[in-house]
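# Inside the fold
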Amino acid sequence: MYNIILANSALELIPNEIKNKIRRAKIYKYDILDSNYHYKAMKDLKNREMRGRPDIVHISLLNILDSPINHEKKLNIYVHTYDDKVLTIDPNTRLPRNYFRFLGVIEKVLKGERNPLIKMEEKTLEDLLNEINAKNIALMSKTGQLVKPPHLKNFDTFLIGGFPYGSLVVNEDKIIGELKNISIYNKGLMAWTVCGIVCYALSF
């Protein structure tokens, strides 16, 4: 089995410190932070450039769930969020293709409502890596060592940043497995593209 983790994902409920600055839009009625609708309110939010992009998670999960490696039941899928929540996604999950319907589903999960296909727990990324017994971990980064996709099969776990800007930092002193910075292209790629390449490489 392989593990894919969308790490530090820009997916979270609207933080309490900016709730009073937000007016509900007619088109956007969700309590999930989205920089497209909450840009002004996010002005003074810590690490704002890394937050408020749930669309990255949505598109990435659609790519992962519809990949051959997932259809073959050889993949464990996790979303680790900016505020240290972990969503375990059942491989059989059929996410809504529509973005707003996706937000409706995820909002309920983040608020603690039970979903038989998406389990939420509070834990750090390092705790998750140890819990799933990740041994050979590939941290996907544009500055990592360039490798060809077939070599990705040497790893059992893949960390892909689920945010638009910034770097994914892992405290290696707190994990049991060996972590290596890996790049699959000499330029930065969107998270959903990286997910697609990784899944394809593991399938063939």
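Keep in mind the model is a prediction, meaning the values are calculated, not measured. (Residues numbered from 1 in each chain as written. Predicted model: local features only at pLDDT ≥ 70, side-chain atom pairs only at ≥ 80, totals over all residues. Heavy atoms only, no water.)

Check the secondary structure of the chain and you find six helices and seven strands. Ordered by position from N to C terminus, the α and β elements of the chain give β-α-α-α-β-β-α-β-α-β-β-β-α. Its C-alpha atoms give the chain a radius of gyration of 17 Å, near enough to 17 Å, the size a compact globule of 204 residues would have. Its C-alpha atoms give the chain principal-axis dimensions of about 50 × 35 × 30 Å. By residue count, 50% of the 204 residues in the chain fall in the buried class. Long-range pairs, those at least 24 residues apart, make up 70% of the contacts in the chain between residues at least 6 apart in sequence. For the chain, the exposed area adds up to about 11,100 Å²; of that, 47% sits on carbon and sulfur atoms. Charge separation in the chain, taken as the distance between the mean sites of 30 positive and 23 negative side-chain charges, equals 7 Å. (Helix = DSSP H or I, 4+ residues; strand = E, 2+ residues; numbered from the N terminus. Rg over C-alpha atoms; globule rule 2.2 N^0.38 Å. Buried < 20%, exposed > 50% of the residue type's maximum accessible area, 1.4 Å probe, protein only. Contact = heavy atoms within 4.5 Å. Areas by Shrake-Rupley, 256 points an atom, 1.4 Å probe, with all protein chains shown as cover. Lys, Arg positive; Asp, Glu negative; His and termini not counted. Charge placed at Lys NZ, Arg CZ, Asp CG, Glu CD.)

A few words now on helix α6 (residues 191-203). Across its 13 residues, α6 extends 18 Å between first and last C-alpha, which sits within 8% of the 18 Å expected from 1.5 Å per residue. For α6, every residue scored as buried is listed here: A191, V194, C195, V198, C199, A201, L202 and S203. Where α6 is buried, its residues touch β1 (2-9), α2 (54-65), α3 (68-71), β2 (75-81), β5 (136-146) and β6 (157-161). (Expected span 1.5 Å × (residues − 1).)

With that settled, the discussion passes to helix α4 (residues 99-110). Over its 12 residues, α4 extends 16 Å from the first C-alpha to the last, a length consistent with the 16 Å expected when each residue adds 1.5 Å. Residues of α4 that are buried include every one of Y99, F102, L103, G104, I106, E107, V109 and L110, and no others. Turning to α4, the residues buried within the fold contact α2, β3 (85-89) and β4 (118-122). Capping of α4 at its N-terminal end is provided by N98; its side-chain oxygen lies 2.9 Å from the backbone amide nitrogen of F100. (Polar contact = N/O pair within 3.5 Å; in protein donor to acceptor, adjacent residues only side chain to side chain.)

Read from one edge to the other, the open sheet built from seven strands follows the order β4-β3-β2-β1-β6-β5-β7, with strand pairing classed as mixed. Each of the sheet's edge strands pairs with one partner strand only, and the pair in question is β4 and β7 (178-183). Going from strand to strand, the sheet's axes swing by 25 degrees on average, the running direction of each strand aside. The pairing of β2 with β3 spans four bridges and is antiparallel. If you follow V79 over to β3, its bridge partner there is L87. Against the sheet, α2 engages β1, β2 and β3, with an angle of about 175 degrees to β2. Sheet contacts for α6: β1, β2, β5 and β6; angle to β6, the most-contacted strand, approximately 165 degrees. (Pairing = 2+ DSSP bridges. Axes fitted to C-alpha atoms, helices over the stretch in contact; angles between N-to-C directions.)

Take the layout of surface pockets next. Volume-wise, the largest pocket comes out at about 620 Å³. As for the largest pocket, its lining consists of 25 residues, of which M140, S141, K142, G166 and L189 are closest to the centre. Sorting elements by how many residues they give to the lining of the largest pocket places β5 first, with five residues. Broken down by class, the residue content of the lining of the largest pocket amounts to 15 nonpolar, eight polar and two charged. (1 Å grid on protein atoms, 1.4 Å probe; cavity = no way out; pocket = protein on both sides within 12 Å on 5 of 7 lines; lining within 4 Å. Points joined across faces, edges and corners; volume = space filled by probe spheres on them. Nonpolar A, V, L, I, M, F, W, Y, C, P; charged D, E, K, R; others polar.)

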